[in-house]
Amino acid sequence: MKTFSNIKEYNSKKSVVTIGTFDGVHIGHKKILERIIFNAKELNCESVVLTFFPHPRMVLQDNSVVQLLNTVDEKTLLLEKTGIDNLIIHPFNQEFSRLTAEEFVKEILVNQLNIRKIIIGYDHRFGRNRTANINDLIVFGKEYGFEVEQISAQEINDNAVSSTKIRNAILEGNITLANNYLGYNYFFSGIVVKGKQLGRTIGFPTANIKINEDYKLIPKNGVYIVKSNYDKKTIFGLMNIGTRPTVDGTNQTIEVFFLDFDKTIYDETLTIEIIEFIREEQKFDSLNDLKNQINEDKIFAVNYINTHF
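Residues numbered from 1 in each chain as written. Predicted model: local features only at pLDDT ≥ 70, side-chain atom pairs only at ≥ 80, totals over all residues. Heavy atoms only, no water.

Colleague: Hey, could you go over the environment of Glu-74 for me, with residue numbers and the actual values?
Modeller: Inspection of the secondary structure assignment puts Glu-74 in helix α3 (residues 72–82). Overall, Glu-74 belongs to the buried group, its relative accessible area being 6%. In this structure, the C-alpha to C-alpha distance between Glu-74 and Phe-187, residues 113 residues apart in sequence, is 8.9 Å. Among all residues touching Glu-74, those that are not within four sequence positions of it are Leu-69, Phe-187, Phe-188, Ser-189 and Lys-216. Engagement of the side chain of Glu-74 in a polar contact is seen with the backbone nitrogen of Thr-71, the distance being 3.0 Å. (Helix = DSSP H or I, 4+ residues; strand = E, 2+ residues; numbered from the N terminus. Buried < 20%, exposed > 50% of the residue type's maximum accessible area, 1.4 Å probe, protein only. Contact = heavy atoms within 4.5 Å. Polar contact = N/O pair within 3.5 Å; in protein donor to acceptor, adjacent residues only side chain to side chain.)

The structure is reproduced here in structure tokens:
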């Protein structure tokens, strides 16, 4: 897959295009992408996914809090696995948002992407203030010589999967449902930083993970079973997301205690896959009570891992 950080970088080969956020690159998205790839081969064209960053809401809505399932790097990795030929991540800014619908079609789709066909959702809107819809696109297609294929409301509803449903599931701790909808384990990457090293004092040293992208969706506070890859080996662990109320913490932290793992990994970047939610974060009367609970969590996790892996 070729990746472009600007529409103008695209090499103008004939293309079959889809446009969207594709947040999560979930099983519903993959059906659309398979259709794009099939049509591109049929028409002897390149398959192209056009997406934007920053997310339009980050630019157009002041103080808008946008939480996304994927960072740009994660989305790129996931889309590459689908077999798409080209990914264009175009910078979204105020100037781009002011393109009229016809300017967008003529300058971007026709002149830059050399479009032969576009496959798009029934509810897709585009152009300045998002005033144009699928019917306008069909009219432009006839005028500029490209085909428009619409993904119907029924097809989308029958699929029953959406990025919003996945976000809600993750925020509710329903990781199993989210992972089923995604078609992979929800994951994030971050740098291992030094914490207060409290875990060491109770026999459970943890890796404190710092995620640089503030728009990345963090699951609800609680304890999870997770896995990661280190030195080409899969390692499992317990992750706590929360404020550490037992020691009167206030800031949210992400801490992972890896099972059967004893290495110093400060400043290394880890990718953490979330497998299952175990329990809510809670405040204990003492560190000893916390230690006992973590022991119980560890037993539960080991049994779960032995059963499922």
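Colleague: Tell me about a negative patch on the surface, and please be specific about residues and values.
Modeller: On the surface, Glu-102, Glu-103, Glu-107 and Glu-143 cluster together into a negatively charged patch. Ranked by the residues each element gives to the negative patch, the list is headed by helix α5 (residues 101–112), at 3 residues. (Patch = residues over 30% accessible without salt bridge, like charges linked within 9 Å, V, L, I, M, F, W, Y side chains within 5 Å. Areas by Shrake-Rupley, 256 points an atom, 1.4 Å probe, with all protein chains shown as cover. Salt bridge = Lys/Arg side-chain N within 4 Å of Asp/Glu carboxyl O. Lys, Arg positive; Asp, Glu negative; His and termini not counted. Charge placed at Lys NZ, Arg CZ, Asp CG, Glu CD.)

Colleague: Would you mind going over the side chain of Glu-255 in detail, with residue names and values included?
Modeller: Relative to the helices and strands, Glu-255 is located in strand β11 (residues 253–258). Among buried charged residues, Glu-255 stands out as having no salt bridge; its nearest opposite-charge side chain is Arg-244, 4.3 Å away. For Glu-255, the side chain forms a polar contact with the side chain of Thr-206, separated by 3.4 Å. With sequence-adjacent residues up to four places away left out, Glu-255 is seen in contact with Thr-206, Ala-207, Asn-208, Leu-238, Met-239, Asn-240 and Arg-244.

Colleague: Quick rundown of the sheet that holds strand β3 (residues 46–53)? Include the residues and the values.
Modeller: Here we have 6 strands laid out as an open sheet, ordered β1-β4-β3-β2-β5-β6, and parallel in their pairing. Each edge of the open sheet is held by one strand with a lone partner, namely β1 (2–4) and β6 (147–151). If you compare each strand with its neighbour and ignore which way they point, the axes differ by 20° on average. Relative to strand β4 (residues 86–91), β3 is paired through 6 bridges, and the arrangement is parallel. In the sheet register, Leu-50 faces β4, and the bridge partner there is Ile-88. Its contacts with the sheet place α3 against β1, β3 and β4, and it is angled at close to 160° to β4. (Pairing = 2+ DSSP bridges. Axes fitted to C-alpha atoms, helices over the stretch in contact; angles between N-to-C directions.)

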